[in-house]
Amino acid sequence: MLLRKIMGLAVCAMIIGSAAFAVAGVPDLQQSTAVRAYGGVETTSVYSLPNGGGRAFTAAFLPGGLAADATVTLTLRDGLGVPIAGFPFQDMWIESADGGLQACGGNATANQNTDVNGVTFWTNPLFAGDQSAALTLVMVSGDPLTSNSGLLISFNSADINGDGVVNLSDGGFFTQDLFGAYSYRSDFNYDGVINVSDAGFMSNGIGAACP
Ligand SMILES: [Ca+2]
Ligand SMILES: [Ca+2]
């Protein structure tokens with residue numbers, strides 16, 4: 001009887017031990033959290049170029065063209081809620097829920113590995129083109145966080161067609177929007193109109209290409 005109890009306890013300990021082993025150090029999509037620095041309800045727009053010459057997340061735009069900090073901070077935790085340090089930046093990236101944002105080389109990865117507190121961030125200008133007004137998903141090892149449904153960050157770029165280079169093709173699309181109906185893709189400073197200010201972004205971007 002005593003032996004059975006001891007065996008039972010040992011089995012329990014093994015099960016609990018293996019459960020803890022299974023989650024310790026492995027990112028948990030619910031325990032991990034991501035926030036945008038700007039805490040308001042408005043969408044923030046980040047202007048990017050394929051050569052990284054666009055705007056940092058700290059210099060994103062609010063509707064109306066005012067500046068806001070759209071830095072994304074991710075705190076990576078395992079299933080026990082313990083921060084995961086040293087997680088490789090290549091395995092954490094952001095993407096548009098509609099797949100609109102096109103990052104050079106595939107993924108818009110985090111700026112660095114997670115630190116001792118399990119924290120990493122996106123603040124440097126992206127190497128990216130194309131556009132999306134959909135929610136931004138924070139991805140860990142290929143899956144979106146489940147602790148939020150996405151962040152209110154849109155992206156546009158003088159690389160309007162998202163082929164990795166800004167050239168006359170993009171200029172053609174921009175001209176259509178300049179003289180046609182409003183389109184977010186060409187409203188680079190997010191002030192609600194497409195005019196000479198956006199044309200400045202366009203002309204400065206000509207020639208920018210993915211590395
Ligand atoms: Ca292009
Ligand atoms: Ca504008």
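The shown structure was predicted, so the numbers you read here are calculated from the model rather than taken from an experiment.

Peer 1: So, the confidence of the model for the chain: which residues are in play, and what are the values?
Peer 2: Taken over all residues, the pLDDT of the chain has a mean of 93, while the share at 70 or more is 90%. Per-residue pLDDT stays below 50 along residues 11-20; that stretch engages in one contact with residues further than four places along the chain or on separate chains.

Peer 1: Can you break down the nonpolar core residue by residue, with the values?
Peer 2: Counting 42 residues, the largest nonpolar core has V72, A128 and A158 as the members making the most contacts within it. At the level of secondary structure, the elements contributing two or more residues to this core comprise β2 (44-48), β3 (60-61), β5 (72-75), β6 (92-96), β11 (136-140), β13 (153-157) and α3 (196-205). If sequence neighbours within four positions are ignored, A158 has contacts with L49, V166, D170, F188, F201, M202, G205 and A208.

Peer 1: Requested: an account of the pairing of β5, with residues and values cited.
Peer 2: Of the two faces of β5, only the one carrying V72 and L74 is buried; T73 and T75 on the other face are not. Where strand β1 (residues 33-36) lies against β5, four bridges are found, and the strand directions are antiparallel. Residue pairing for β5: A34 is matched across the bridge by L74. Inspection of the sheet shows β5 paired to strand β9 (residues 119-122) by four bridges, in the antiparallel sense. Its bridge partner lying in β9, L74 is registered against T120.

Conventions used here
- Along each chain, numbering runs from 1 in the same order as the chain's sequence is written.
- Lettering of chains starts at A and numbering of ligands starts at 1, both following the order in which they are written.
- Selection of residues for local features in this predicted model requires a pLDDT of at least 70, selection of side-chain atom pairs for listing and counting requires 80 or more, and totals for whole chains, interfaces and linings are taken over all residues.
- A residue's pLDDT is simply how confident the predictor is in it, with values from 0 to 100.
- By the convention adopted here, residues are in contact when the distance between their C-beta atoms, placed from the backbone, does not exceed 7 Å.
- Nonpolar cores are identified as sets of buried Ala, Val, Leu, Ile, Met, Phe, Trp, Tyr and Cys residues joined via C-beta atoms within 7 Å.
- Comment: burial labels come from other C-beta atoms within 10 Å of the residue's own C-beta, placed from the backbone, where a count of 20 or more is buried, 12 or fewer is exposed, and between is partly exposed.
- Helix and strand assignments come from DSSP, with helices taken as H or I runs of at least 4 residues and strands as E runs of at least 2, each series counted from the N terminus.
- Only strands joined by at least two bridges in the DSSP assignment are considered to pair.

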